[in-house]
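Coordinates in review
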Amino acid sequence: AQKITQTQPGMFVQEKEAVTLDCTYDTSDPSYGLFWYKQPSSGEMIFLIYQGSYDQQNATEGRYSLNFQKARKSANLVISASQLGDSAMYFCAMSPLSGGYQKVTFGIGTKLQVIP
Amino acid sequence: KAGVTQTPRYLIKTRGQQVTLSCSPISGHRSVSWYQQTPGQGLQFLFEYFSETQRNKGNFPGRFSGRQFSNSRSEMNVSTLELGDSALYLCASSLAGQGPDTQYFGPGTRLTVL
């Protein structure tokens, strides 16, 4: 079974500052992928970044980076230079590499508010 | 390339009615998954379709069903609606549906059951 834990229900960050959103996971699958999605108040889930369990380097996508620590089973999202438009819910998710079908498990999310 | 589209965006129904939601995936994507999102339960997986076949199903009652057409468009049906079915229903598509394939989500259909 897969489990994603996001322990921060809400976070505040000053505009232009960096912020880290925590995510820990548990799985018995030997290979898996980790995702972060952003959900603004409009409801649409926006894909941000992906990290494979076999990747040696941490993933980066523009202002987003994923701090992947496999031994600790953590996949924290780092947003640099926060912008007002970053205010949203953020979800961590994972899926096993094997299985031949989608089997995505989501965390409960963290609400990020960027303060001017 | 157009994103995932879902229709309708908003629905209001009464208990006992049935509803059909539609999802058009990104062109070329063959896997379509459906999720229910509520404040209390978060995002819960409903089912996944690939090449018109249901490959994976979450833990939902039989009132929830779906199908996928040859053009990969998918529909989801909920019969005998209950108050607890009020939720945001999200559809996501991916290229081949081989985990972990990145899923791209639509804007969702917000269903209110009165």
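Just above sits the structure.
1. Here's the deal with the interface of chain A and chain B
In this complex, chain A contributes 21 residues to the contact, which on the side of chain B involves 24 residues. Carbon and sulfur atoms supply 55% of the area buried between chain A and chain B, which totals about 1800 Å² over both sides. Connecting chain A to chain B are zero salt bridges. Along the contact surface separating chain A from chain B lie two residue pairs in polar contact (both at pLDDT 80 or more). Take the side of chain A that touches chain B: its biggest share by element is five residues, from strand β5 (residues 32-39) of chain A. When its residues are assigned to classes, the side of chain A that touches chain B shows twelve nonpolar, seven polar and two charged.

2. A short note on the sheet that holds strand β3 (residues 19-24) of chain B
All names here are of chain B. Taking strand neighbours across the sheet as the criterion, the four strands line up as β1-β3-β8-β7 in an open arrangement whose pairing is antiparallel. Two strands in the sheet have a free side with no partner beyond their single neighbour: β1 (5-7) and β7 (64-68). Each strand of the sheet is rotated relative to its neighbour by a mean of 20°, with strand direction disregarded. Here β1 pairs with β3 via three bridges, running antiparallel. In the strand pairing of β3, Gln6 is matched with Cys23.

3. Topic: unusual backbone geometry
Note that the residue after B:Thr7, namely B:Pro8, is joined by a cis bond; omega there is -10°. Tracing the backbone through its elements, the reader meets B:Pro8 in the loop between β1 and β2 (10-13). At A:Lys73, a position not held by glycine, the phi torsion is positive, near 55°. By the secondary structure assignment, A:Lys73 is in the loop between β8 (64-69) and β9 (74-79). Taking relative accessible area as the criterion, A:Lys73 reaches 31% and is therefore assigned partly exposed. Although it is not a glycine, B:Thr80 sits at a positive phi angle of roughly 45°. Along the chain, B:Thr80 falls in the loop between β8 (74-78) and β9 (87-94).

4. Brief notes about the state of the cysteines
Applying the stated criterion to the full structure yields two disulfides over all chains. A disulfide bridge connects A:Cys23 with A:Cys92, and the sulfur atoms are separated by 2.0 Å. Between A:Cys23 and A:Cys92, the S-S dihedral sits near -60°, and the bridge is therefore left-handed. Here the residue A:Cys23 occupies a position in the loop between β3 (19-21) and β4 (24-26), and A:Cys92 occupies one in strand β10 (residues 88-96), the gap between them amounting to 69 residues. Accessibility classification places A:Cys23 together with A:Cys92 in one group, the buried group. Between the sulfur atoms of B:Cys23 and its disulfide mate B:Cys91 the distance is 1.7 Å. Taking the sign of the S-S torsion, about -50° here, the bridge from B:Cys23 to B:Cys91 comes out left-handed. Taken together, the residues B:Cys23 in strand β3 and B:Cys91 in strand β9 connect sequence positions 68 residues apart.

5. Details of the layout of surface pockets
The computed volume of the largest pocket comes to approximately 450 Å³. Contributing to the lining of the largest pocket are 21 residues, with A:Gln39, A:Met89, A:Phe91, B:Gln37 and B:Pro39 lying nearest its centre. If you list the elements that add at least two residues to the lining of the largest pocket, you get β10 and β12 (110-115) of chain A together with β4 (31-38) and β9 of chain B. Partitioning the lining of the largest pocket into residue classes produces nine nonpolar, ten polar and two charged. In this structure, the second largest pocket is lined by 13 residues; those nearest its centre are A:Val104, B:Gln44, B:Phe45, B:Gly58 and B:Asn59. Looking at the lining of the second largest pocket, the elements that each hand over two or more residues are β11 (105-106) of chain A together with β5 (42-50) and β6 (53-57) of chain B.

Conventions adopted
Residues numbered from 1 in each chain as written. Chains lettered and ligands numbered in written order. Predicted model: local features only at pLDDT ≥ 70, side-chain atom pairs only at ≥ 80, totals over all residues. Heavy atoms only, no water. Contact = heavy atoms within 4.5 Å. Buried area = accessible area lost by both parts, 1.4 Å probe. Salt bridge = Lys/Arg side-chain N within 4 Å of Asp/Glu carboxyl O. Polar contact = N/O pair within 3.5 Å; in protein donor to acceptor, adjacent residues only side chain to side chain. Helix = DSSP H or I, 4+ residues; strand = E, 2+ residues; numbered from the N terminus. Nonpolar A, V, L, I, M, F, W, Y, C, P; charged D, E, K, R; others polar. Pairing = 2+ DSSP bridges. Axes fitted to C-alpha atoms, helices over the stretch in contact; angles between N-to-C directions. Buried < 20%, exposed > 50% of the residue type's maximum accessible area, 1.4 Å probe, protein only. Disulfide = S-S within 2.5 Å. 1 Å grid on protein atoms, 1.4 Å probe; cavity = no way out; pocket = protein on both sides within 12 Å on 5 of 7 lines; lining within 4 Å. Points joined across faces, edges and corners; volume = space filled by probe spheres on them.

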